[in-house]
Amino acid sequence: MKKVLATGAALLMAGSIATAAEMDDQSGVKITGNARARVIYKDSYDFGNSDPEQKATTTMDSRVRFEVRGTAAGGAYIHGRIRLAEEKFNGATDSSLDSNIYVDKAYIGIPFNDAFTLEGGKYRVSYGNGFMYDDIGLAGFRGIYAADGIRVIPFVEMQSEGQSSSIENDVLEDNDSYRFGAALAVTSIENWTMGAIAAYDTDDRVENVDGVATGNGNADGFWGSVFAKGTIAEVFGLEGEFAYAENGVALDYVQGAGTDDGYGGYVRGSWNMDALTLALDLGFTKDGFAPDPFYGFVMIGGEEPINAVAIGANGADYVWAGLRVGYAVTEALSLTGNLVWADADSNDDAPIEQTNRVYDLLEISGVLKYAVSKGCTFSWYAGYLQPDYDGRLDAAGIEDDGAFGTYAKFDVNF
């Protein structure tokens, strides 16, 4: 009998060890990342209106990012991203700079079942086609429900915690600023993705001007967008997004200007045939609306370090049309050319004095990308931007010299 009990205990222990081993096999840590090094040249970005005259500049910079993903045996996960030395070359690295080492992702994910996951912490988010909400850093909680071609993401995110404020009343009254809403995406329609984002920002903070409390914050308001993206007959592409934000709502690095609610949108049609791609962008902004900074081209808007004018800058109303031509020379080498026209008309309700009230912009730019090796890419960007101010400003002596920018970079992904 003792032998049977001993054998049974041994088998039970063996079974427990096997089960634990299986659970351990599902867990682990994965480290990936990317890095870049760039050389950037910019000339006449003041359009000839600086005194003394602005000289051409050449700068170099680099960045290294590590992505850490860890998974527990039961499927819960963590995700963190560490950025190293995101700064200009300036002799020895300055360890006192805030941008030397910092974390822009640090969150956990808890899958409750195959359809629903809860994430909480510091994360970065893109919704829609990126016209309004692209790669924005946030901290909060969001649920991710995905099933049957439908994805719903409700979220609650803290913009400013009252207990961390330097204003005494904000601490005593726990005056927070936070955001809540939901994003919807439908992918069940063949070759199409469409959806909407709707959210509300609330701001109870006390405004502070030169150390003096001046009243409650004014960043309350609704914002949202609708979007769609898809292909037709495998060679035609169509996408677009229309966005709206109440006055004062701040998204990412930009904030609407003026006294009216802002809105804007774009539509892009594309045609692909073998190695050739043609695309036409048409868009507008109105009443102080500004799209996400990443939306745009090389010189007008966009995330490139040589962009010269932000779409919707200073609350101006914008209309633009941009033709993109892409060609894959080989599997490793691709070329892209841009011809962009934009008209900016100053919003009379903008809170700041508008110097260049009405003007046109013409961008001619190009991009070369070459895969040096697996995981390593060389890119070269160059662009020329010609402003054309109205006759009233010409008479006032406003110059409209063209701006030229170019930069080269190496990207490494591992």
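Counting of residues starts from 1 at the beginning of each chain's written sequence and follows it residue by residue. It should be noted that, the model being predicted, local features are given only for residues of pLDDT at least 70 and side-chain atom pairs only at 80 or more, the latter also being counted only at that level, while totals for whole chains, interfaces and linings use all residues. Remark: hydrogens and water are excluded; side-chain values derive from all non-hydrogen atoms of the structure.

Trainee: Go over the overall build of the protein, please, and point to the residues and values.
Mentor: Numbered from the N terminus, helices here are DSSP runs of H or I no shorter than four residues, and strands are runs of E no shorter than two. Across its full length, the protein carries three helices and 22 strands. For the protein, buried positions account for 36% of its 414 residues. Put simply, 55% of the contacts in the protein that link residues at least 6 apart link residues at least 24 apart. Areas reported as accessible are Shrake-Rupley estimates using a 1.4 Å probe. Residue values count occlusion only from the protein chains shown. With the model as given, the accessible surface of the protein reaches about 22200 Å², and the carbon-plus-sulfur share is 58%. Only protein chains enter the area calculation, which uses a 1.4 Å probe; residues under 20% of their type maximum are buried, those over 50% are exposed, and those in between are partly exposed. Contacts were defined at the residue level, with two residues in contact if any of their heavy atoms lie within 4.5 Å.

Trainee: I'd like to hear about the pattern of salt bridges, residue by residue, with values.
Mentor: Salt bridges are defined by distance alone: a side-chain nitrogen of Lys or Arg within 4 Å of a carboxyl oxygen of Asp or Glu. The full count for this structure, using the stated rule, is 18 salt bridges. A salt bridge links Glu 86 to Arg 63; its shortest N-O distance comes to 3.5 Å. A residue pair is termed long-range when its members are at least 10 positions apart, and Glu 86 in strand S3 (residues 77-88) and Arg 63 in strand S2 (residues 57-71) qualify at 23 residues. Take Arg 63: its relative accessible area is 11%, and that puts it in the buried class. Across the salt bridge formed by Arg 324 and Asp 281, the nearest N and O atoms sit 3.3 Å from each other.

Trainee: Outline the pairing of strand S13 (residues 236-245), listing residues and values.
Mentor: Taken together, the 10 bridges between strand S12 (residues 221-232) and S13 define a ladder with antiparallel strand orientation. Bridging from a neighbouring strand, Val 226 pairs with Phe 242 of S13. Note: S13 against strand S16 (residues 262-273), 10 bridges, orientation antiparallel. Bridge pairing in S16 links Phe 242 to Gly 265. By this definition, two strands are paired if DSSP reports at least two bridges between them.

Trainee: Outline unusual backbone geometry, listing residues and values.
Mentor: Even without being a glycine, Asn 191 presents a positive backbone phi close to 70 degrees. Inspection of the secondary structure assignment puts Asn 191 in the loop between strand S8 (177-186) and strand S9 (192-203). In this structure Asn 191 comes out as partly exposed when scored by relative accessible area, which is 47%. Unusually for a residue other than glycine, Glu 234 sits at a positive phi of about 70 degrees. Examined against the element boundaries, Glu 234 turns out to sit in the loop between S12 and S13. Residue Glu 234 is classed as exposed on the basis of its relative accessible area, which comes to 73%.

Trainee: So what's going on with the layout of surface pockets? Residues and values would help.
Mentor: Every definition here rests on a 1 Å grid over the protein atoms only: cavities are sets of points where a 1.4 Å probe fits but cannot get out, pockets are open sets enclosed by protein on both sides within 12 Å along at least five of seven lines, and lining residues have some atom within 4 Å of a point. Grid points are joined across faces, edges and corners, and a volume is the space filled by probe spheres set on the points. Estimated volume of the second largest pocket: approximately 780 Å³. Taken together, 36 residues line the second largest pocket, and the ones lying closest to its centre are Arg 268, Gly 296, Glu 303, Glu 304 and Arg 324. If you list the elements that add at least two residues to the lining of the second largest pocket, you get strand S5 (116-127), strand S6 (133-147), S16, strand S17 (276-286), strand S18 (317-328), strand S19 (333-345), strand S20 (358-373) and strand S22 (403-413). No other element matches the four residues that S19 contributes to the lining of the second largest pocket. Nonpolar residues are Ala, Val, Leu, Ile, Met, Phe, Trp, Tyr, Cys and Pro. Charged residues are Asp, Glu, Lys and Arg, and all others, Gly as well, are polar. Per-class residue counts for the lining of the second largest pocket are 15 nonpolar, 12 polar and nine charged.

Trainee: Which residues make up the side chain of Glu 363, and what values go with them?
Mentor: Locating Glu 363 in the fold gives a position in strand S20. In summary, the charge assignment counts Lys and Arg as positive and Asp and Glu as negative, without counting His or the chain termini. Arg 324 provides the closest opposite charge to the buried, salt-bridge-free Glu 363, at an N-O distance of 7.7 Å. One polar contact links the side chain of Glu 363 to the main-chain amide nitrogen of Ile 300, over a distance of 2.9 Å. Within the structure, Glu 363 has its side chain in polar contact with the side chain of Ser 365 (distance 2.7 Å). For Glu 363, the residues in contact, after removing those within four places along its chain, are Phe 297, Val 298, Met 299, Ile 300, Asn 338, Leu 339, Val 340, Tyr 384 and Leu 385. Pairs of N or O atoms are called polar contacts if they sit within 3.5 Å, as long as, within protein, a hydrogen donor faces a hydrogen acceptor (for residues adjacent in sequence, only side-chain-to-side-chain pairs).

Trainee: I'd like a description of the confidence of the model for the protein, backed by residues and values.
Mentor: pLDDT runs from 0 to 100 and stands for how confident the predictor is about each residue. When pLDDT is averaged along the protein, the result is 84, and 82% of the positions lie at 70 or above. Across the protein, S22 holds the top mean pLDDT of 97, while helix H1 (residues 2-26) sits lowest at 40. For residues 209-216, every residue scores under 50 in pLDDT, and the model assigns this stretch 15 contacts once sequence neighbours within four places are set aside. Considering only residues more than four positions removed or in separate chains, one finds that residues 350-354, a stretch of pLDDT under 50, has seven contacts.

Trainee: Which residues make up the environment of Asp 61, and what values do they have?
Mentor: Relative to the helices and strands, Asp 61 is located in strand S2. As a C-alpha pair, Asp 61 and Lys 88 span 27 residues in sequence and 4.1 Å in three-dimensional space. Sequence-distant contacts of Asp 61, that is, excluding residues within four places in its chain, are made with Arg 36, Ala 37, Arg 38, Ile 40, Glu 87, Lys 88 and Phe 89.

Trainee: Provide a residue-level description of the packing of aromatic side chains, including the pertinent values.
Mentor: The rule is short: rings of Phe, Tyr and Trp, with Trp giving its six-membered ring, pair when the centres are within 6.5 Å, and they are stacked under 30 degrees, edge-to-face over 60, tilted in between. Scanning the entire structure with this criterion turns up 20 aromatic pairs. Note on Tyr 107 and Tyr 123: the rings are 6.0 Å apart at their centroids and 90 degrees apart in plane angle, and the pair reads as edge-to-face. Here Tyr 107, found in strand S4 (residues 101-111), pairs with Tyr 123, found in strand S5; they are 16 residues apart in sequence, far enough to count as distant. Seen from their ring centres, Tyr 133 and Trp 223 are 4.9 Å apart, and the 20 degrees between their planes marks the pair as stacked.

Trainee: Which residues make up a negative patch on the surface, and what values go with them?
Mentor: A residue counts toward a patch only above 30% relative accessible area and without a salt bridge, and it is joined to like-charged neighbours within 9 Å or, for Val, Leu, Ile, Met, Phe, Trp and Tyr, to nonpolar neighbours within 5 Å. Where a charge sits is defined by one atom per residue type, namely NZ (Lys), CZ (Arg), CG (Asp) or CD (Glu). Residues Glu 161, Asp 174, Asp 204 and Asp 220 make up a contiguous surface patch of negative charge. Relative to the helices and strands, Asp 174 resides in the loop between helix H2 (168-173) and S8.

Trainee: Any chance you could break down the environment of Tyr 263 for me, citing the residues and the numbers?
Mentor: Topologically, Tyr 263 is positioned in strand S16. Exposure remark for Tyr 263: the relative accessible area of 28% places this residue in the partly exposed category. The contact partners of Tyr 263, leaving out residues within four places of it in the chain, are Phe 242, Ala 243, Tyr 244, Phe 284, Thr 285, Lys 286, Asp 287 and Phe 289.

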